[in-house]
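# Architecture at a glance
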Amino acid sequence: MSPDRLSVVVTRRLPAAVEARLSELFDVELREDDRPMTREELADAVARADVLVPTVTDRIDARLLARAGERLKLIAHYGAGVDNIDVATARQKGILVSNTPGASTDDTADMTMALILAVTRRIPEGLATMQSGAWEGWSPNAFLGGRIAGRRIGILGMGRIGQAVARRAKAFGMQVHYHNRRPVRPRIEEDLDATYHESLDHMVSRMDVISVNCPHTPSTFHLLNARRIQLLKPTAVIVNTSRGEVIDENALARALEHGRIAGAGLDVFEHGVEINPKLRETPNTVLLPHMGSATVEGRAEMGEKVIINIKTFADGHRPPDQVVPADL
């Protein structure tokens, strides 16, 4: 290892161009396969690296950080959400945490609109019919969905992605409503024709579409719980491209199973790959494998941000995307 170069351990396979640039700049250890690191492999990595580059599949909690070596000074997360990292404990140990905000904003907002259309226009049902060879021709009453123009969309979380969803929804002719910790600036509200709801209960009971675009924090865990799901109109649709933990998945599955809401489009799940089996069985539910940020451009931009954060840190400066515990 070069004494002048940081030792960087990457926990998952990244785009080839990102790995190549990391190798040029640092003494980097890359993965040979794309499976997540085991707990012991993560512990070994934090014990000997100067910089760890984890992803959303890595749980960097207080117990793991207790095994960190004195060399570990930066966790350069390859992702925007940091709910998988105990940022406060890391900071107490003198370890900085950075992330990649904004890199996947447009990609995730695009996927949100795709899911809204997929559920309301019954696209998966049509696709399945065509792939099975069962289509017998056009009929006036076949595969009737709903028009989204004129519908009310309630955006839960009006940050970068929430605002990007609002811009797209407005372009589709939807009426934009939102709930946030605080209202956005008046100029943004005016540009988006957005209506703020201080009460989440008030908003969800009146919306045609609920779009979840807030991070997972202790205060947002099961924010859409069984009681709030019961407030939804029977014609309402829920779309989640943020974090699965924001929704009580069991309560949502029951509502879909019994037809208490019209449908759901989910790109994230409360328990990772362990998905409630009822969600797979309801025809009005569209499930995707966490594809919201899965574009070539977005993943490359995420890598660029990781590199900039590490390089800036190596030069003795604060990483531009440093995560501050007080802001979470």
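Note that the structure is a prediction, hence the values are computed from the model and not measured. (Residues numbered from 1 in each chain as written. Predicted model: local features only at pLDDT ≥ 70, side-chain atom pairs only at ≥ 80, totals over all residues. Heavy atoms only, no water.)

### Here we look at empty space enclosed by the protein
- As enumerated under the stated definition, the model contains 1 cavity of 30 Å³ or more in all.
- The computed volume of the largest cavity comes to approximately 40 Å³.
- Broken down by class, the residue content of the lining of the largest cavity amounts to 5 nonpolar, 2 polar and 2 charged. (1 Å grid on protein atoms, 1.4 Å probe; cavity = no way out; pocket = protein on both sides within 12 Å on 5 of 7 lines; lining within 4 Å. Points joined across faces, edges and corners; volume = space filled by probe spheres on them. Nonpolar A, V, L, I, M, F, W, Y, C, P; charged D, E, K, R; others polar.)

### Remarks on the environment of Asp 193
- Tracing the backbone shows Asp 193 in the loop between α8 (186–192) and β8 (194–196).
- Accessibility expressed as a relative area gives 52% for Asp 193, which makes it exposed.
- Considering only alpha carbons, one finds Asp 193 and Ala 142, 51 residues apart in sequence, at a separation of 35 Å.
- When sequence neighbours within four positions are dropped, the list of residues in contact with Asp 193 reads Lys 170 and Val 176. (Helix = DSSP H or I, 4+ residues; strand = E, 2+ residues; numbered from the N terminus. Buried < 20%, exposed > 50% of the residue type's maximum accessible area, 1.4 Å probe, protein only. Contact = heavy atoms within 4.5 Å.)

### Details of the UniProt feature "domain: D-isomer specific 2-hydroxyacid dehydrogenase catalytic" (unreviewed entry) in the protein chain
- In the numbering used here, UniProt assigns the feature "domain: D-isomer specific 2-hydroxyacid dehydrogenase catalytic" (unreviewed entry) to residues 8–323.
- The span residues 8–323 is 38% helix and 14% strand, and its two end C-alpha atoms sit 19 Å from each other. (UniProt positions renumbered as here; feature names shortened; annotations may be inferred.)

### Overview of the sheet that holds strand β9 (residues 209–212)
- Spatially, β8-β7-β6-β9-β10-β11-β12 is the arrangement adopted by the 7 strands of the open sheet, whose pairing is parallel. Of all strands in the sheet, those bounded by a partner on one side alone are β8 and β12 (285–287). Sheet twist, expressed as the mean angle between neighbouring strand axes with direction ignored, is 20°.
- Where β9 meets strand β10 (residues 237–240), 4 bridges bridge the pair, whose relative direction is parallel. For Val 212, the partnering residue across the bridge sits in β10 and is Asn 240.
- Docked against the sheet, helix α7 (residues 160–171) engages β6 (152–156), β7 (175–179) and β9, running at close to 170° with respect to β6. (Pairing = 2+ DSSP bridges. Axes fitted to C-alpha atoms, helices over the stretch in contact; angles between N-to-C directions.)

### Digging into the domain arrangement of the protein chain
- When cut into domains, the protein chain gives domain 1 (7–103 + 295–323) and domain 2 (104–287).
- Here domain 1 and domain 2 share an interface that buries about 630 Å² over both sides, 42% of which is from carbon and sulfur atoms.
- The tally of links between domain 1 and domain 2 comes to 1 salt bridge.
- Between Asp 83 and Arg 243 there is a salt bridge whose closest N-O contact spans 2.9 Å.
- Where domain 1 packs against domain 2, one counts 5 residue pairs in polar contact (both at pLDDT 80 or more).
- Tallied by class, the residues present in the side of domain 1 that touches domain 2 amount to 3 nonpolar, 4 polar and 1 charged. (Domains from an automatic or database assignment. Buried area = accessible area lost by both parts, 1.4 Å probe. Salt bridge = Lys/Arg side-chain N within 4 Å of Asp/Glu carboxyl O. Polar contact = N/O pair within 3.5 Å; in protein donor to acceptor, adjacent residues only side chain to side chain.)

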